[in-house]
Amino acid sequence: MTKPATVRFRYNQALLAAAIIAVIGALPLANARVYLLPVLLVPLAVGVWAWRAGTDADARELRVRALAGQRRIAWDDVVELATDPRGRAVARLGDGQQVVLPAVRGADLPRLVSATGQTLPDTAG
């Protein structure tokens with residue numbers, strides 16, 4: 001049994017590098033007083049989010065990953081893929097919900113659809 005090809009969408013890894021630099025920059029502040037130690041939590045949370053958040057798609061489902069969890073959405077539940085006014089990709093579900101797909105832009109929709117094994121109709125011409 002072969003594993004289906006998965007298309008992964010992630011945020012730019014420069015966010016992770018910025019979070020590491022922010023942790024290093026916050027260390028002197030956190031070491032100055034014990035009550036300032038929680039200052040380190042903000043860049044650490046941003047770093048974990050930048051490393052983890054995104055959207056995975058294969059022929060069976062969409063996986064929307066966030067800081068502390070993930071949501072699996074079967075393609076049968078997706079009625080439409082569209083963009084919102086900010087240019088982010090949105091999956092509209094059969095129950096009326098709209099799920100923003102992290103790290104997926106409107107221009108990435110053809111690549112997302114190709115993960116299903118289907119093709120988009122040719123609109124050129």
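Rules and cut-offs
Residues numbered from 1 in each chain as written. Predicted model: local features only at pLDDT ≥ 70, side-chain atom pairs only at ≥ 80, totals over all residues. Heavy atoms only, no water. Helix = DSSP H or I, 4+ residues; strand = E, 2+ residues; numbered from the N terminus. Polar contact = N/O pair within 3.5 Å; in protein donor to acceptor, adjacent residues only side chain to side chain. Pairing = 2+ DSSP bridges. Axes fitted to C-alpha atoms, helices over the stretch in contact; angles between N-to-C directions. Buried < 20%, exposed > 50% of the residue type's maximum accessible area, 1.4 Å probe, protein only. Contact = heavy atoms within 4.5 Å. Expected span 1.5 Å × (residues − 1).

J.: Would you mind going over unusual backbone geometry with me for this structure?
T.: Backbone phi values are negative for most residues with the exception of glycine, while trans is the configuration of most peptide bonds. One non-glycine residue, alanine 103, adopts positive backbone phi at about 70 degrees. Of note, alanine 103 is situated in strand β7 (residues 98-105).

J.: When you look at the environment of threonine 55 in this model, what are you seeing that I'm missing?
T.: With respect to the secondary-structure elements, threonine 55 resides in strand β2 (residues 54-57). Placed 46 residues apart in sequence, threonine 55 and phenylalanine 9 show a C-alpha to C-alpha distance of 5.1 Å. Separated by 2.8 Å, the side chain of threonine 55 and the backbone oxygen of proline 102 make a polar contact.

J.: Looking at this structure, how should I read the sheet that holds strand β6 (residues 88-93)?
T.: In a beta sheet, neighbouring strands are held together by backbone hydrogen bonds and run either parallel or antiparallel to one another. Pairing is antiparallel in the open sheet, where three strands are placed in the order β5-β6-β7. Two strands bound the open sheet, and with one partner strand each, they are β5 (78-83) and β7. Here the strands of the sheet are splayed against their neighbours by 25 degrees on average, with no regard to which way each runs. Looking at chain direction, β5 and β6 are connected through five bridges and run antiparallel. Within β6, the residue paired with threonine 83 across the bridge is alanine 89.

J.: What should I look at first to understand the environment of leucine 81 in this one?
T.: Mapped onto the elements of the fold, leucine 81 is located in strand β5. Since its relative accessible area comes to 23%, leucine 81 is described here as partly exposed. A C-alpha to C-alpha distance of 16 Å links leucine 81 and valine 7, two positions 74 residues apart in sequence. Sequence-distant contacts of leucine 81, that is, excluding residues within four places in its chain, are made with Trp75, Val90, Ala91, Leu101, Leu109, Leu112 and Val113.

J.: Help me understand helix α2 (residues 41-52) in this model?
T.: Residues separated by three or four positions in an α-helix point in the same direction, a consequence of the helix having 3.6 residues per turn. A rise of 1.5 Å per residue sets the reference length of α2, with its twelve residues, at 16 Å; its end C-alpha atoms lie 16 Å apart and thus fit the reference within 8%. Those residues of α2 hidden inside the fold are in contact with β1 (7-10), α1 (14-32), β2, β3 (61-65) and β4 (70-74). Two residues or fewer after α2 comes glycine 54, characterised by a positive phi angle close to 160 degrees.

J.: Before we go on, may I ask you to explain the pairing of β7 in this structure?
T.: Side chains on a regular strand alternate between the two faces of the sheet. Pairing of β6 with β7, which is carried by four bridges, proceeds in the antiparallel orientation. Directly across from alanine 91, in β7, lies its bridge partner valine 99. Counted along the chain from β6 to the antiparallel partner β7, the turn is four residues long, and its residue glycine 96 has a positive phi close to 95 degrees.

J.: Looking at this model, I keep getting lost on the pairing of β1. Mind explaining?
T.: Every second residue of β1 is oriented toward a common face, the buried set being Val7 and Phe9 and the non-buried set Arg8 and Arg10. Bridge analysis of β1 against β2 gives four bridges, and the strand direction is antiparallel. Pairing of valine 7 across the sheet is with alanine 57, part of β2.

J.: What's the story with the side chain of glutamate 61 in this structure? I'm lost.
T.: Relative to the helices and strands, glutamate 61 resides in strand β3. Residue glutamate 61 is classed as buried on the basis of its relative accessible area of 13%. A polar contact of 2.4 Å, which involves the side chain of glutamate 61, links it to the side chain of arginine 72. Contact partners of glutamate 61, with chain neighbours within four places excluded, come to Asp56, Arg72, Ile73, Ala74 and Trp75.

Function-wise, these values are silent; they only describe arrangement.
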